[in-house]
Amino acid sequence: KEPFFCFVCTRIFDHGWQMRARHHFCARSLSTVVHSVLLFRSQNFSLCQFSLFPTTKASAFSSYNRAPSHSFYTGPTMQQVLVCNGIEQPCDLNSEQFLLKFPRGPYTTARTHLSSRIFEFEFHNRRIAESTALMVQAGSLARPADFEKLVDPECLRDPYLECSRRAVSLFRQRSPECGEIKLTTLLTVDSTGGPHRLFVHAQPLGERPATPVKIQIMGAPRSNAQAKDSGWVADRQALWQSRAPDVHEVVLCGKEDEALYEGLSSNFFVIMRNEEGTPVVRTAREGVLLGTVRNLALRLCDALGMQVDERPPTLAEKDMWEEVFISSTSRWVLPVSQVVMPDGTEWHPSSCALTRALYERLLDEVDDNSTPLAAPPPPAAVGADESDPDFAVPSLLKQLLDKAAKGKAQGNSPP
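Let me sum up the structure you'll find in this document.

Basis of the calculations
- Residues numbered from 1 in each chain as written.
- Predicted model: local features only at pLDDT ≥ 70, side-chain atom pairs only at ≥ 80, totals over all residues.
- Heavy atoms only, no water.
- Buried < 20%, exposed > 50% of the residue type's maximum accessible area, 1.4 Å probe, protein only.
- Helix = DSSP H or I, 4+ residues; strand = E, 2+ residues; numbered from the N terminus.
- Pairing = 2+ DSSP bridges.
- Phe/Tyr/Trp six-rings, centres within 6.5 Å; stacked < 30°, edge-to-face > 60°.
- Lys NZ or Arg CZ within 6 Å of the ring centre and 35° of its normal.
- Axes fitted to C-alpha atoms, helices over the stretch in contact; angles between N-to-C directions.
- Left-handed = near helix turned anticlockwise from the far one by under 90°.
- Contact = heavy atoms within 4.5 Å.
- Expected span 1.5 Å × (residues − 1).
- Polar contact = N/O pair within 3.5 Å; in protein donor to acceptor, adjacent residues only side chain to side chain.

### Quick notes on the pairing of strand 8 (residues 249-253)
And then number 1: Of all five residues in strand 8, five are buried; the element is thus mostly enclosed.
And then number 2: Going residue by residue along strand 8, you find Glu249, Val251 and Cys253 tucked away on one face and Val250 and Leu252 tucked away on the opposite face as well.
And then number 3: Two elements, strand 7 (residues 213-217) and strand 8, share three bridges in a ladder whose sense is parallel. The residue bridging Ile217 from the neighbouring strand is Val251, located in strand 8.
And then number 4: In this sheet, strand 9 (residues 260-263) lies alongside strand 8 in antiparallel orientation, the contact comprising two bridges. Bridge pairing in strand 9 places Cys253 opposite Leu260.
And then number 5: Between the end of strand 8 and the start of strand 9, which pair antiparallel, lie six residues, with Glu258 showing a positive phi angle near 55 degrees.

Structure, rendered in structure tokens:
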């Protein structure tokens, strides 16, 4: 057992397996890797072909990212799974169609990380709870029968996580070759204020643009932006359809102060210099929906020598902008190369170096800010010896190792 176990570990480390594997390597993840290795061997690949996997953080993450959440997946065959209160429902809608056709309610869009975690799940859980309270207060959502539980993140967490686990598990069974998954959660209540329905929709996450993108400034800021309201999905359609064909995102602008607030599905940032020459990241805090990636990106600015100013950038200051970028769950941090102004003229940032540095730093932090999908292991049996190497090895890995040892004893190569 030990040589085979060490051989797999050695091959993983020798071929540049990135994404903090050295710091978060456990028996559970190793069993998954061993299973994948054996699958590769069964398809006439050798262990020495681990170079098929990405060798840098950026490349490892970029293939799992996605274009704007309001555009359609363009992969081979769209697969979707829909779970309601833990029970699968028939579904032939993508995430955009799902939000448009189902009753209005608080929603959020999450993503898996390394196929086994949800990035910033606790943030999404709080968002559903807070948006439920805000929509009920605003009169745009009937007060559900179990309102007190739904606006308490601690009470909401377990059923929400279980629905997410179920959706990911079903999706993986039907699309095992797919990369990361986009998870769209929607909470609905009928007009009489009866029991709620908690939906989790799963589909492929898609690709993140490999190069800086073009954005267009138009449209007024939305009302009650702090609430993640599925009604906004319908409201933004006219703006999205009015953009130029090559525009990746539309950024909302105040009419009077020309302040720039947020994108249709992203947060908006500029980088400029203060009087001392220190780079300052400027982004709105009020009047926008505070995204998960925005939250993490701003926390990392200090380590990169950048200050943070949470006031909306204005068009009057554009000559002071050095860089422009947007952020979202699907894009991480994405640099902008062209900005179409309200009058139709184009403006080009002078650089994107700091944005790229922030992107690299953010990828290092994703794992630590993600919640495992797997249920916690059961407590150890009384009298179990934790020093025993077999104690911490999951059953799948133990079966594989036992089979390999048996084959070796019989003079055969491992299966």
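### What to know about the packing of aromatic side chains
Pairs of aromatic rings are described using the distance from one ring centre to the other and the angle between the two planes.
And then number 1: For the structure shown, the criterion picks out eight aromatic pairs.
And then number 2: Ring geometry for Phe269 versus Phe325: centroids 4.4 Å apart, planes at 10 degrees, classification stacked. A residue pair is termed long-range when its members are at least 10 positions apart, and Phe269 in strand 10 (residues 267-273) and Phe325 in strand 13 (residues 321-328) qualify at 56 residues.
And then number 3: When its relative accessible area of 0% is taken as the criterion, Phe269 is described as buried.
And then number 4: Note on Phe325: relative accessible area 0%, which makes it buried.
And then number 5: Members of the aromatic cluster, connected to one another through ring pairs, are Phe98, Phe102 and Phe199.
And then number 6: Between Arg208 and the ring centre of Tyr359, over which it is positioned, the NZ or CZ distance is 4.1 Å.
And then number 7: Note that Arg243 overlies the ring of Trp240, its terminal NZ or CZ placed 3.6 Å from the centroid.

### A word on the packing of helix 5 (residues 121-138) against helix 7 (residues 153-174)
And then number 1: Two elements in contact, helix 5 and helix 7, have axes separated by 9 Å at closest approach and are oriented at 115 degrees. In this structure, helix 5 crosses over helix 7, and the sense of that crossing is right-handed. Residues Phe121, Glu122, His124, Asn125, Arg126, Ile128 and Ala129 of helix 5 pack against Pro153, Leu156, Arg157, Tyr160, Leu161 and Ser164 of helix 7.

### Some thoughts on the sheet that holds strand 16 (residues 370-372)
And then number 1: Across the sheet, which stays open at both edges, the seven strands sit in the order 2-1-6-5-3-4-16 with antiparallel pairing between neighbours. Among the strands making up the open sheet, the edge pair consists of strand 2 (87-89) and strand 16. Strand-to-strand twist in this sheet, taken as the mean axis angle between neighbours without regard to direction, amounts to 30 degrees.
And then number 2: Pairing of strand 5 (residues 181-189) with strand 6 (residues 196-204), which is carried by nine bridges, proceeds in the antiparallel orientation. Counted as the bridge partner of Thr184 is His201 from strand 6.

### Description of the side chain of Gln80
And then number 1: Relative to the assigned elements, Gln80 resides in the loop between helix 3 (57-62) and strand 1 (81-84).
And then number 2: Beyond its immediate chain neighbours, meaning those up to four positions away, Gln80 contacts Cys91, Asp92, Leu93, Asn94, His201 and Ala202.

### Brief notes about helix 7
And then number 1: Spanning 22 residues, helix 7 covers 31 Å between terminal C-alpha atoms, matching the ideal 32 Å at 1.5 Å per step.
And then number 2: Restricting attention to buried positions, one finds in helix 7 the residues Leu156, Tyr160, Leu161, Cys163, Ser164, Ala167, Val168, Leu170, Phe171 and Arg172.
And then number 3: Residue Asp152 occupies the N-cap position of helix 7, its side-chain oxygen lying 3.1 Å from the main-chain nitrogen of Glu154.

### Overview of unusual backbone geometry
And then number 1: Not every positive phi belongs to a glycine, and Asn85 is a case in point at roughly 50 degrees.
And then number 2: Structurally, the position occupied by Asn85 is in the loop between strand 1 and strand 2.
And then number 3: One non-glycine residue, Glu258, lies in the positive phi region at around 55 degrees.
And then number 4: Inspection of the secondary structure puts Glu258 in the loop between strand 8 and strand 9.
And then number 5: Note on Glu258: relative accessible area 38%, which makes it partly exposed.

By themselves, these figures tell us nothing about what the structure is for.
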